[in-house]
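Spelled out from the first residue to the last, the chains are:
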Amino acid sequence: MEIGAYSFGDTPLNPDGSPRSTAEGIRNLFDAIVAADRAGLDYFGVGEHHTVSMPASSPGALIAAAAAATDRIILGSAASIISTDDPVRVFQQLATADAISGGGRVEITAGRGSSVETFPLFGYDLRDYDTLYAEKLELLMRINGSPTAEVTWSGSVRPAIDNLAVVPRPVNGRLPIWLATGGNAASSARAGRLGLPVSYGIIGGEPHRFAPLAELYRRSAAQAGHTGENIKVSVATLGLVAPTKKEALERFHPGWHNLNVEMGRLRGWPAPDRRQFEAQAQAPGAYYVGDPDDVAERIAHLHGHLGHMRHFLQSDVGGLPHEHLLESIELLATEVKPRVARLLAAK
Amino acid sequence: MVSTIGILGAGRVGSAIARTALTAGYTVHIAGSGPAADIQLIVDIVTPGAVAMTAADAVATADLVILAVPLHKYRSVDPATLAGKIVIDTMNYWQPIDGDLHEFTGDARSSSEVVGDYFPGARLVKTLNHIGYHDLEADARPAGDPERHGLALAGDPETAAVVAEVINRFGFDPVYAGSLAAGAAFEPGSPIFGGRHTARELLIELGPAVAEAA
Ligand SMILES: NC(=O)c1ccc[n+]([C@@H]2O[C@H](COP(=O)([O-])OP(=O)(O)OC[C@H]3O[C@@H](n4cnc5c(N)ncnc54)[C@H](OP(=O)(O)O)[C@@H]3O)[C@@H](O)[C@H]2O)c1
């Protein structure tokens with residue numbers, strides 16, 4: 001099982017709670033990716049998010065920088081909001097990063113974002129939400145699957161492309177393209193139909209309840225004739241690892257609280273409730289916050305339900321102190337990963 | 001008596017409600033925006049036991065209809081089919097998902113009243129909107145369980161009483177809040193929305209008028 005991390009960027013906070021600079025958030029994220037590579041983490045996913053608290057708006061740029069500064073780690077967008085971006089540019093940016101990485105370490109995860117902040121930012125109409133996503137995903141796959149540099153495509157959401165070169169080409173011919181979803185069944189079916197690997201973002205509830213969706217995904221893939229190693233599942237959840245469970249809870253809670261206050265303002269949620277936090281941080285809850293044993297056991301347990309091949313955690317939310325992120329990454333790579341491997345081998 | 005529930009929307013909320021209704025012993029007919037075949041595999045695996053149909057068929061065959069489509073798409077539901085039906089409105093106006101909809105931002109009434117204008121003749125009850133879809137199954141408890149949560153309902157009293165029994169069988173204590181207008185008390189931004197409350201706590205949040213009537 002691959003173990004990883006992902007981040008939307010986390011603008012640090014001053015002691016009085018006011019935000020420091022978004023640039024510092026980006027710099028911290030870059031440093032965390034480099035540290036993750038040194039520690040031996042398998043995967044790091046970046047953005048896309050467009051808020052002052054979560055400023056990782058440009059995964060392509062960050063991943064290109066990280067590709068130059070790392071040796072082994074797999075880097076991916078998590079996710080690229082493909083509906084409101086130009087798939088040609090998304091592909092070109094990540095293919096450029098792929099070239100810099102030496103090849104084979106860069107992935108694209110395509111999603112549509114759980115909120116719609118990119119629609120006004122880039123001048124799209126929310127009424128086109130479904131068409132934008134469907135057509136742009138198709139274009140991205142067309143570009144990636146093209147046997148030559150030249151691509152031909154036409155649709156309704158962007159000017160047609162008539163036999164034009166889209167370069168650079170990925171070192172290994174193609175980039176892995178994943179489809180990200182938060183649990184809408186139709187998206188799982190779509191990923192299967194298209195033969196794309198699927199990445200579940202599970203931000204609440206009980207993750208093992210995604211099992212029917214993973215089955216739907218695999219059955220849809222089989223029905224469409226897609227088999228082989230591209231049919232696979234990854235899981236993204238919130239989580240933080242610390243030497244003890246108590247420390248992990250204490251470290252993660254303030255940022256979680258800040259995040260939920262901000263989300264609550266937007267979505268009309270009540271003030272975050274500490275009891276709910278504690279409950280979600282225990283099995284079978286969705287927050288993988290704990291010591292290495294606890295987190296490893298819960299990842300291995302979820303594997304029994306979903307059969308996923310990669311589990312990656314978002315830790316830096318709401319102003320998590322940078323050193324806590326770095327320690328979590330270190331523990332994920334050196335303590336959680338081997339435990340998960342042992343637990344799965346023993347099954 | 002309700003025995004067949006028709007659900008419009010096979011998304012997160014529609015699927016969770018479908019499983020909850022099946023567990024409670026109801027016959028469940030479910031529809032997405034297209035033909036039944038489009039959601040057949042989804043229904044087979046995600047809500048086994050439910051029957052995939054077109055929206056028109058799911059409504060026509062149901063004793064009670066549940067609207068679980070994104071609010072910004074509510075006008076894609078044919079109002080003629082809902083006339084005379086008991087209908088649960090689970091929909092919320094969520095700017096981050098629905099975008100800016102002046103129809104709702106510019107109207108102080110509960111979103112269900114706005115929706116109700118589009119469905120003349122439908123017997124609309126607002127409920128199931130203030131619980132997260134993944135909590136619906138996890139939090140269901142038998143009647144009398146001290147941890148059982150409450151769900152608020154708003155609509156005309158007679159129809160709400162029919163819906164209340166369904167909510168009860170789903171595993172929650174129904175708490176009647178008043179006419180459709182009272183539904184504003186458990187919309188996004190209210191203390192009830194997204195929280196977890198027992199029936200008693202809900203009554204306190206809903207205020208003295210409701211508590212006295214109950
Ligand atoms: N998220 C929550 O926890 C929560 C809680 C309570 C209430 N709600 C409310 O529940 C509603 C649904 O949310 P969701 O998260 O389940 O959305 P979702 O996952 O996007 O699913 C929406 C479903 O509605 C279907 N649909 C669209 N137009 C339709 C039509 N005219 N007839 C029949 N089906 C139609 C869609 O089918 P196609 O794919 O074919 O378009 C899709 O299956 C929203 O109004 C939301 O405010 C959400």
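These numbers come from a predicted model, not from an experiment.

Caption draft 1: Expanded view of the overall build of chain B. A count of helical and extended segments in chain B gives 11 helices and eight strands. Across its three principal directions, the C-alpha atoms of chain B cover 50 × 40 × 30 Å. Residues counted as buried form 54% of the 214 residues belonging to chain B. Here the analysis covers contacts within chain B between residues at least 6 apart in sequence; of these, 62% occur between residues at least 24 apart. Summed over its atoms, the accessible surface of chain B is roughly 8600 Å², and 55% of this surface lies on carbon and sulfur atoms. Once the 13 positive and 25 negative side-chain charges of chain B are each reduced to a mean point, those two points are 3 Å apart.

Caption draft 2: Structural view of unusual backbone geometry. Residue and element names in this part refer to chain A. Of note, the amide linkage connecting valine 167 to proline 168 takes the cis form, showing an omega dihedral of 0°. For proline 168, the location among the structural elements is in the loop between strand S7 (161–165) and strand S8 (177–181). Going from alanine 283 to proline 284, the amide bond is cis rather than trans, its omega being 0°. Within the secondary structure layout, proline 284 lies in the loop between helix H9 (274–280) and strand S11 (288–290). Of note in the backbone geometry, asparagine 163 takes a positive phi value of approximately 55° without being a glycine. Within the element layout of this structure, asparagine 163 appears in strand S7. Look at asparagine 163 and you get partly exposed, because its relative accessible area is 49%.

Caption draft 3: Spatial organisation of the nonpolar core. With 100 residues, the main nonpolar core has A:Leu41, A:Phe44 and A:Tyr200 as its most contacted residues. If sequence neighbours within four positions are ignored, A:Leu41 has contacts with A:Ile3, A:Gly4, A:Ala5, A:Ala36, A:Ile73, A:Ile329, A:Leu332 and A:Ala333. Of all hydrophobic cores here, the second largest spans 34 residues; its members include B:Ala21, B:Ile30, B:Leu64 and B:Leu136.

Caption draft 4: How the structure looks around the pattern of salt bridges. Residue and element names in this part refer to chain A. Applying the stated rule across the entire model yields 31 salt bridges over all chains. Put simply, aspartate 86 and arginine 158 hold a salt bridge, and the shortest N to O gap is 3.0 Å. Taken as a pair, aspartate 86 in the loop between strand S4 (80–81) and helix H3 (87–101) and arginine 158 in the loop between strand S6 (150–153) and S7 lie far apart in primary sequence, 72 residues in all. Given a relative accessible area of 22%, aspartate 86 falls into the partly exposed group. Where arginine 274 meets glutamate 278, a salt bridge forms, and the shortest distance between an N and an O atom there is 2.9 Å. One end of the pair is arginine 274 and the other is glutamate 278, both in helix H9 and four residues apart, which spans about a single turn. Its relative accessible area of 32% is what places arginine 274 among the partly exposed residues. We classify glutamate 278 as partly exposed; its relative accessible area is 26%. A single salt-bridge network, built from bridges that share partners, covers Glu2, Glu107 and Arg310.

Caption draft 5: Quick look at the site of the ligand. Around the ligand, the structure places 25 residues, and the nearest of them are B:Val13, B:Ser33, B:Val69, B:Ser76 and B:Tyr133. The ligand sits at the junction of chains A and B, each of which supplies nearby residues. Here B:Gly11 contributes a backbone N or O atom positioned 3.1 Å from an oxygen atom of the ligand. In the model, an oxygen atom of the ligand is placed 2.6 Å from a nitrogen or oxygen of the B:Ser33 side chain. Out of a free accessible area of 920 Å², the ligand has 82% covered by protein chains. When its residues are assigned to classes, the shell around the ligand shows 13 nonpolar, 10 polar and two charged.

Caption draft 6: Focus on the interface of chain A and chain B. Each partner contributes residues to the interface: chain A has 28 residues there, and chain B has 24 residues. Carbon and sulfur atoms supply 62% of the area buried between chain A and chain B, which totals about 2100 Å² over both sides. Here chain A is connected to chain B by one salt bridge. A:Asp130 is the salt-bridge partner of B:Lys73, the closest N and O atoms lying 2.7 Å from each other. At the junction of chain A and chain B, the tally comes to three residue pairs in polar contact (both at pLDDT 80 or more). The greatest single-element share of the side of chain A that touches chain B, amounting to seven residues, is contributed by helix H7 (residues 211–223) of chain A. Class assignment of the residues belonging to the side of chain A that touches chain B gives a composition of 11 nonpolar, 11 polar and six charged.

Caption draft 7: The environment of B:Ile86, seen in detail. Residues and elements named next belong to chain B. Residue position: isoleucine 86 is located in strand S5 (residues 86–89). Isoleucine 86 gets classed as buried once you look at its relative accessible area, which sits at 9%. Residues isoleucine 86 and threonine 159 lie 73 residues apart in sequence; the distance between their C-alpha atoms is 6.9 Å. Beyond its immediate stretch of four places on either side in the chain, isoleucine 86 contacts Asp63, Leu64, Val65, Arg123, Thr159, Val162 and Val163.

About the criteria used
Residues numbered from 1 in each chain as written. Chains lettered and ligands numbered in written order. Predicted model: local features only at pLDDT ≥ 70, side-chain atom pairs only at ≥ 80, totals over all residues. Heavy atoms only, no water. Helix = DSSP H or I, 4+ residues; strand = E, 2+ residues; numbered from the N terminus. Buried < 20%, exposed > 50% of the residue type's maximum accessible area, 1.4 Å probe, protein only. Contact = heavy atoms within 4.5 Å. Areas by Shrake-Rupley, 256 points an atom, 1.4 Å probe, with all protein chains shown as cover. Lys, Arg positive; Asp, Glu negative; His and termini not counted. Charge placed at Lys NZ, Arg CZ, Asp CG, Glu CD. Core = buried A, V, L, I, M, F, W, Y, C linked by side-chain atoms within 4.5 Å. Salt bridge = Lys/Arg side-chain N within 4 Å of Asp/Glu carboxyl O. Near = heavy atom within 4 Å. Polar contact = N/O pair within 3.5 Å; in protein donor to acceptor, adjacent residues only side chain to side chain. Nonpolar A, V, L, I, M, F, W, Y, C, P; charged D, E, K, R; others polar. Buried area = accessible area lost by both parts, 1.4 Å probe.

Functional significance is not addressed by these values, which are geometric in nature.
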